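Here is how the chains run, residue by residue.
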Amino acid sequence: MGNRYLVLPENLEGKADIVSYVADLYKRAGDSDSALRIGHTAIEDGNLTVRNGDIIVSESDDTVVLRILHGDIPEIRFFPLGSVTTHRASLFAVDFAPDPEDTDQSVVLTIETDVFPTVQDGGKLLLSETSAILSHQPDASGGEESYLWLNYGFNEIANYRGRWSDQLQADAHQGLYMGAFNATAGFSTWTHTYFTPFSTTMVPLANVGVSGGTLTWGLDSYSASQFTLRFGVSGGTKMVTFWNFRI
Amino acid sequence: MRSVAILCARFDEVSRRVEVAKEIVNDDGSVEYNCQTFHPDTLEWWAAGFDTDDVDEVIDGILIDPFVPPIAVDALPHRAQRDAYRQTLREAKVALTPANGNEKPVEVNSAALKARMRAVGIGDVYVDAVDNDPYEVIKAACPFDPEVLQVRREQLTASRAKAVERSNTPSKPAGSRADEARRRLNTKPSEVATAGRAATTQPKRGELPPIVLGESRRRGAS
């Protein structure tokens, strides 16, 4: 016996069975739902057009997991199944130009809240005719936006909004490791050891200063696991800043 | 360098880092003082990275590492080379430990040592810490959880397996890469887009009328 999807029950793989099919018929009759339903269908060498309506992909219990919306801003919404259902992903195209006289066609992939009025709240990738933005914009959760904006108003200019970590290493393949600390008085050398040896050598770009004076200093040694600074005098607290990159 | 003595260790509450003071005797007999700092997570990372659960060996390795030639940058993914580096660290510890066989100077806890530290301007927080065993201070400040070690070890093993696999894959000769780049430059974008579909017959856009679904429902609703 086939069901509304014209699928044999043994091939349902956990989807609708005959009981739920009858229940669905009952529900449809109650709702006066007489819309056309088709099972497995192939469109050979042709287009599928939905005029003035959305395309909806749902689970057998009508939970929507994907929706292609109609309207003048083409949009695809993704509703990931999981314990957290407060957010959704959206892919849409829009004219990004602030001036109505201009055009800047763009496509946006973003995480936003799923409750009206929808608010941008999470990661965002915006690719437009004039620039590209990789952003995290927690407008609902709260916090500052951070982004990497390529071609930021001027050709080839990249703008980074955000801040850098202070002496934090996530793994051995991290590309940058930076921070600032005070080297206390009395030591002629100061060694900063990384969390774990990097996969390749980290090259330090360091700076050392003392308040109200000058200081001679140098890089004593560096490797994938540490760097050591040497000070001309051991007295006084030194301010050390560093920006290390992996080669 | 003639010897390295571990004087003391302390956990700095402001920077949230372990600080270890060392007394270094150079080949010419001159003495200088070094401070080494590391994050408390370093012990677990280091243990996972060098495949050991021996916390004393891990601390030895971290403290002696700045005084040995650095491990080759492509050696860490290979177990044999990691083991060789561990051996290097062990030998360096023996070679650089002061003649009395202790990590600390002979006059540990003595007024003379503290006086030497104060003489070069080392602060009281370090001088007072001399009274404590530096290894015990480090162990108290740094977590060393077997479950965390296992997670870090699995993470490192996976990334190292990829690194070894990459190093074993022969790269294309430069000539063939250049030829490939040249071929791509000479290929029109339209040819690239349709190259994979050449075997099938594609309808021209607009040639066939669209199949429209939902018409009856829309008409019925109006």
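What you are looking at is a predicted structure, and each value in this text was computed from that prediction instead of being measured.

Draft legend 1. The arrangement of the overall build of chain B in detail. Within chain B, the regular secondary structure consists of 10 helices and four strands. In sequence order, the secondary structure elements of chain B are arranged as β-β-β-α-α-α-α-α-α-α-α-α-β-α. A burial count over chain B gives 25% of its 222 residues as buried. Sequence-distant contacts in chain B: of pairs separated by 6 or more residues, those separated by 24 or more amount to 57%.

Draft legend 2. Just the overall build of chain A, in detail. Of regular secondary structure, chain A possesses one helix and 17 strands. Over its C-alpha trace chain A gives a radius of gyration of 29 Å, far above what one expects of a compact globule, namely 18 Å for 247 residues. Out of the 247 residues belonging to chain A, those deemed buried represent 15%. The contacts in chain A between residues at least 6 apart in sequence include a share of 38% that link residues at least 24 apart.

Draft legend 3. Focus on the interface of chain A and chain B. Contact residues are listed per partner, giving 39 residues for chain A and 37 residues for chain B. Those elements giving two or more residues to the side of chain A that touches chain B turn out to be strand E1 (48-49), strand E11 (176-183), strand E12 (189-193) and strand E16 (226-231) of chain A. The leading source of residues in the side of chain A that touches chain B is E12 of chain A, at five residues. Of the residues belonging to the side of chain A that touches chain B, the class tally is 13 nonpolar, 24 polar and two charged. As judged from the four bridges shared by E12 of chain A and strand E3 (residues 31-38) of chain B, these two strands associate in the parallel manner. Opposite His 192 of chain A, over in E3 of chain B, you have Thr 37 of chain B as the bridge partner.

Draft legend 4. Up close: the pairing of strand E2 (residues 17-25) of chain B. All names here are of chain B. Among the nine residues of E2, seven are classified as buried, and the element is accordingly described as predominantly covered. Pairing of strand E1 (residues 3-12) with E2, which is carried by nine bridges, proceeds in the antiparallel orientation. Paired with Ala 5 across the bridge in E2 is Glu 23. Counting the residues in the hairpin turn of E1 and E2 gives four residues, including Arg 16, whose phi is positive at 60°.

Draft legend 5. Summary view of the packing of helix H1 (residues 42-49) of chain B against helix H2 (residues 55-64) of chain B. Residues and elements named next belong to chain B. At a minimum axis distance of 10 Å, the contact between H1 and H2 shows a crossing angle of 100°. The orientation of H1 with respect to H2, classified from their angle, is roughly perpendicular. Touching Thr 42, Leu 43, Trp 46 and Ala 47 of H1 are Val 55, Val 58, Ile 59, Gly 61 and Ile 62, all from H2. Tallied by class, residues from the contact of H1 with H2 come to seven nonpolar, two polar and no charged.

Draft legend 6. Broad picture of the nonpolar core. By size, the foremost hydrophobic cluster in this structure holds 50 residues, and its most contacted members are Ala 21 and Trp 46 of chain B. Among the elements that line this core, the one with the most residues is E1 of chain B, at six residues. Ignoring sequence-local partners within four residues, the contact set of Trp 46 of chain B consists of Thr 196 of chain A together with Val 58, Gly 61 and Ile 62 of chain B.

Draft legend 7. A look at unusual backbone geometry. Here the amide bond leading from Phe 116 of chain A into Pro 117 of chain A is cis, since omega sits at -5°, within 30 degrees of zero. Positioned with a positive phi, Asn 151 of chain A is a non-glycine residue whose angle comes to about 65°.

Draft legend 8. Examining the packing of H2 of chain B against helix H3 (residues 79-96) of chain B more closely. All names here are of chain B. One can describe the packing of H2 onto H3 by two numbers: an axis separation of 9 Å at closest approach and a directional angle of 75°. With respect to H3, the element H2 is oriented roughly perpendicular. Residues Asp 60, Gly 61 and Ile 64 of H2 lie in contact with H3, whose contacting residues are Arg 86, Leu 89, Ala 92, Lys 93 and Leu 96. Residue composition of the contact of H2 with H3, by class: four nonpolar, one polar and three charged.

Draft legend 9. Geometry of the sheet that holds strand E9 (residues 146-150) of chain A. All names here are of chain A. Strands sit in the order E2-E3-E4-E5-E6-E7-E8-E9-E10 across an open sheet of nine strands; the sheet is antiparallel. The outermost strands of the open sheet, each flanked by one partner alone, are strand E2 (55-58) and strand E10 (158-161). Pairwise comparison of adjacent strand axes, ignoring direction, gives a mean angle of 10° for this sheet. Across four bridges, strand E4 (residues 75-78) lies against strand E5 (residues 87-95) in antiparallel orientation. Bridge pairing in E5 places Phe 78 opposite Ala 89.

Draft legend 10. The arrangement of the sheet that holds E16 of chain A in detail. With mixed pairing, the six strands of this open sheet are ordered in space as E15(A)-E16(A)-E12(A)-E3(B)-E2(B)-E1(B). The strands lining the two open edges of the sheet, one partner per strand, are strand E15 (217-222) of chain A together with E1 of chain B. The mean inter-strand angle of the sheet, taken between neighbouring strand axes irrespective of direction, is 20°. Both E2 of chain B and E3 of chain B contribute to a ladder of eight bridges, which runs antiparallel. Bridge pairing in E3 of chain B places Glu 19 of chain B opposite Thr 37 of chain B. Running over the sheet, helix H6 (residues 134-141) of chain B touches E1 and E2 of chain B and is turned about 35° from E1 of chain B.

Draft legend 11. Quick look at the confidence of the model for chain B. All names here are of chain B. Counting all residues, the mean pLDDT for chain B is 78, and 69% of those residues have values of 70 or more. When mean pLDDT is taken per element in chain B, E3 scores highest with 96 and helix H10 (residues 215-221) scores lowest with 41. Among the prediction metrics, the complex's ipTM stands at 0.71, with pTM recorded as 0.73.

Draft legend 12. Focus on helix H1 (residues 18-30) of chain A. Residues and elements named next belong to chain A. Between the first and last C-alpha of H1 there are 18 Å, a value that for 13 residues agrees with the 18 Å anticipated at 1.5 Å per step. Buried residues are scarce in H1, accounting for zero of its 13 residues. Downstream of H1 by a residue or two, Ser 32 has a phi angle that is positive, lying close to 55°.

About the criteria used
- Residues numbered from 1 in each chain as written.
- Chains lettered and ligands numbered in written order.
- Predicted model: local features only at pLDDT ≥ 70, side-chain atom pairs only at ≥ 80, totals over all residues.
- Helix = DSSP H or I, 4+ residues; strand = E, 2+ residues; numbered from the N terminus.
- Buried ≥ 20, exposed ≤ 12 C-beta atoms within 10 Å, placed from the backbone.
- Contact = placed C-beta atoms within 7 Å.
- Rg over C-alpha atoms; globule rule 2.2 N^0.38 Å.
- Nonpolar A, V, L, I, M, F, W, Y, C, P; charged D, E, K, R; others polar.
- Pairing = 2+ DSSP bridges.
- Axes fitted to C-alpha atoms, helices over the stretch in contact; angles between N-to-C directions.
- Parallel < 35°, antiparallel > 145°, perpendicular 65-115°, else oblique.
- Core = buried A, V, L, I, M, F, W, Y, C linked by C-beta atoms within 7 Å.
- pLDDT = per-residue confidence, 0-100.
- Expected span 1.5 Å × (residues − 1).

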